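Descriptive structure summary
This is what each chain is made of:
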Amino acid sequence: MSKNQELKRHCPLVPLKGILVTENIANNYNDVSAFCPDPSDLLIATYPKAGTTWVQEIVDLLLHSGDSETCKRAPTPIRMPFLENTARIGMPSGLDLLKAMEPPRVIKTHLPFHLVPKGFWENKCKVIYVARNAKDNLVSYFYFDQMNLTHPDPGPWEGYIQKFMQGQLPWGSWYDHVKGYWQERERRNILYLFYEDMKENPRREMARIMRYLDLSLSDDVISRIVELTSFKTMKDNPMANYNFITKPIFDQSRSTFMRKGEVGDWMNHFTPEQAAEFDEDSEKKMKHVNIPFRTQL
Ligand code: A3P
């Protein structure tokens with residue numbers, strides 16, 4: 001990357017209550033933590049690149065009985081605001097969007113469990129968490145950081161693996177993130193989903209989401225939603241593929257938002273030595289929990 005392009009990316013990470021985030025997210029956090037949802041609001045929480053947009057699209061379609069036109073009313077982050085996101089060119093902040101919307105709202109966050117505004121738990125809001133195996137999550141984040149110019153430059157692959165292992169990427173440690181929600185899932189009635197399960201059997205996972213949301217849709221409608229939320233259909237859907245975000249923010253000539261959508265792409269990136277080091281480190285960090293991640297199908 002040329003020096004000029006580096007300079008355009010002025011987005012140092014700063015600490016926020018135990019994690020690293022970009023400065024604008026940190027500065028906005030007091031307002032975010034004071035946000036009080038309505039009990040009818042739904043929160044979709046993820047570590048970045050775990051399949052957030054996919055689950056958002058599924059939820060929106062389930063809530064609108066598979067009506068694809070209604071679900072094309074606006075791009076994803078306008079339909080389902082990103083709670084902690086600050087205003088950008090042509091895009092209001094998550095909080096401003098939420099103020100202008102009537103509940104029930106679907107809200108996205110990447111905040112770890114301990115930073116989610118208390119109001120979500122006090123009001124017993126429903127929360128869907130999506131987790132993706134660490135190595136695929138890392139690969140996806142590596143490409144995303146190449147095109148997302150509001151994040152620090154990812155640098156070379158080898159160094160990026162180290163940053164991921166040390167929790168030095170925006171929104172902090174993947175390990176703490178997936179563990180935080182896992183440990184609270186029963187007490188807080190969190191629906192904890194896995195990206196790999198959704199790839200394996202989207203219909204089954206959609207049915208789980210439908211039941212969690214107290215909806216009842218016919219098999220035909222579910223079949224339509226499976227089709228409408230396939231990787232290929234979403235990649236071609238301008239309301240779901242983030243093409244509306246302009247190049248100074250998301251430069252999709254470097255990597256597309258809807259990049260590959262596969263389980264096991266890590267095998268095309270990690271050397272055997274890198275995978276062994278990563279797995280050894282991961283085992284230590286995850287030794288007190290037993291979260292059933294799968295790295296291939
Ligand atoms: P890849 O980079 O591996 O392709 P998020 O929405 O949390 O930012 O996650 C983005 C990741 O989810 C990207 O992964 C993207 O391609 C993938 N994704 C988005 N929609 C998908 C779909 N319908 N099916 C499978 N994967 C999808």
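To be clear, the structure that these remarks concern was listed above.
This report concerns the structure included in the present document. All of these numbers come straight from a predicted model, not from anything done at the bench. (Residues numbered from 1 in each chain as written. Predicted model: local features only at pLDDT ≥ 70, side-chain atom pairs only at ≥ 80, totals over all residues. Heavy atoms only, no water.)

Take the overall build of the protein next. Helix and strand content of the protein: 14 helices and six strands. Relative to a compact globule of 297 residues, whose C-alpha radius of gyration would be 19 Å, the protein shows 18 Å and is just as compact. Taken over 297 residues, the protein has a buried fraction of 56%. Restricting the contact set of the protein to residue pairs at least 6 apart, pairs at least 24 apart contribute 73%. (Helix = DSSP H or I, 4+ residues; strand = E, 2+ residues; numbered from the N terminus. Rg over C-alpha atoms; globule rule 2.2 N^0.38 Å. Buried < 20%, exposed > 50% of the residue type's maximum accessible area, 1.4 Å probe, protein only. Contact = heavy atoms within 4.5 Å.)

Summed over all chains, the structure comprises 32 aromatic pairs. A cation sits over an aromatic face here: lysine 49 above phenylalanine 144, 3.7 Å from the ring centre. Between lysine 285 and the ring centre of tyrosine 175, over which it is positioned, the NZ or CZ distance is 4.8 Å. (Phe/Tyr/Trp six-rings, centres within 6.5 Å; stacked < 30°, edge-to-face > 60°. Lys NZ or Arg CZ within 6 Å of the ring centre and 35° of its normal.)

Around the ligand, a shell composed of 18 residues is seen, among which Thr52, Thr53, Ser140, Lys260 and Gly261 lie nearest. Here an oxygen atom of the ligand and a side-chain polar atom of arginine 132 are 2.9 Å apart. Taking glycine 261, its main chain carries an N or O atom lying 2.7 Å from an oxygen atom of the ligand. For the ligand, whose unbound accessible area comes to 570 Å², protein coverage reaches 97%. (Near = heavy atom within 4 Å. Polar contact = N/O pair within 3.5 Å; in protein donor to acceptor, adjacent residues only side chain to side chain. Areas by Shrake-Rupley, 256 points an atom, 1.4 Å probe, with all protein chains shown as cover.)

On to helix H11 (residues 202-212), then. Taken together, the buried positions of H11 are Glu205, Met206, Ala207, Ile209, Met210 and Tyr212. Two residues or fewer past H11, aspartate 214 is found with a positive phi of approximately 60 degrees.

Turning to the packing of helix H7 (residues 134-147) against helix H8 (residues 157-165), a few remarks are in order. Viewed as axis vectors pointing N to C, H7 and H8 meet at an angle of 120 degrees, and their least axial separation amounts to 11 Å. Of the possible angle classes, the one that applies to H7 and H8 is oblique. For H7 against H8, the interelement crossing comes out right-handed. Across from Ala134, Leu138, Val139, Tyr141, Phe142 and Asp145 in H7, the residues of H8 making contact are Trp157, Tyr160, Ile161 and Phe164. Of the residues that constitute the contact of H7 with H8, the class distribution is nine nonpolar, no polar and one charged. (Axes fitted to C-alpha atoms, helices over the stretch in contact; angles between N-to-C directions. Parallel < 35°, antiparallel > 145°, perpendicular 65-115°, else oblique. Left-handed = near helix turned anticlockwise from the far one by under 90°. Nonpolar A, V, L, I, M, F, W, Y, C, P; charged D, E, K, R; others polar.)

On to a negative patch on the surface, then. Where like charges cluster on the molecular surface, the negative patch consists of Glu158, Glu277, Glu280 and Glu283. When residues in the negative patch are grouped by element, the largest group, three residues, is from helix H14 (residues 272-285). Within the element layout of this structure, glutamate 280 appears in helix H14. (Patch = residues over 30% accessible without salt bridge, like charges linked within 9 Å, V, L, I, M, F, W, Y side chains within 5 Å. Salt bridge = Lys/Arg side-chain N within 4 Å of Asp/Glu carboxyl O. Lys, Arg positive; Asp, Glu negative; His and termini not counted. Charge placed at Lys NZ, Arg CZ, Asp CG, Glu CD.)

A full pass over the atoms with the stated rule returns 20 salt bridges. A salt bridge links aspartate 60 to arginine 73, with the nearest nitrogen and oxygen atoms 3.0 Å apart. Taken together, the residues span a long stretch of sequence, with aspartate 60 in helix H3 (residues 52-63) and arginine 73 in the loop between H3 and helix H4 (76-79) at a distance of 13 residues. Linking lysine 135 and aspartate 279 is a salt bridge whose minimum nitrogen-to-oxygen distance equals 2.7 Å. One end of the pair, lysine 135, is in helix H7; the other, aspartate 279, is in helix H14, and 144 residues separate them in sequence. A residue is classified by how much of its surface remains accessible, and lysine 135, at 6% relative accessible area, is buried. Where salt bridges share partners, they join Asp197, Glu200, Arg204, Glu205, Arg208 and Arg294 into one cluster.

Here the focus is the environment of isoleucine 58. Examined against the element boundaries, isoleucine 58 turns out to sit in helix H3. As a C-alpha pair, isoleucine 58 and arginine 9 span 49 residues in sequence and 33 Å in three-dimensional space. Apart from the residues within four sequence positions on either side, isoleucine 58 is in contact with Met198, Met206, Ile209, Ile225 and Thr229.

We now examine the side chain of threonine 46. In this fold, threonine 46 is placed in strand E3 (residues 42-46). At a separation of 2.9 Å, a polar atom in the side chain of threonine 46 contacts the side chain of threonine 52. Those residues in contact with threonine 46 that sit more than four places away from it in its chain are Thr52, Thr109, His110, Tyr129, Val130 and His177.

Here we have four strands laid out as an open sheet, ordered E4-E3-E5-E6, and parallel in their pairing. The two strands at the open ends of the sheet, each matched to only one other strand, are strand E4 (106-109) and strand E6 (190-194). Each strand of the sheet is rotated relative to its neighbour by a mean of 20 degrees, with strand direction disregarded. Where H3 meets the sheet, it contacts E3, E4 and strand E5 (126-131), and its direction lies at approximately 160 degrees from that of E3. (Pairing = 2+ DSSP bridges.)

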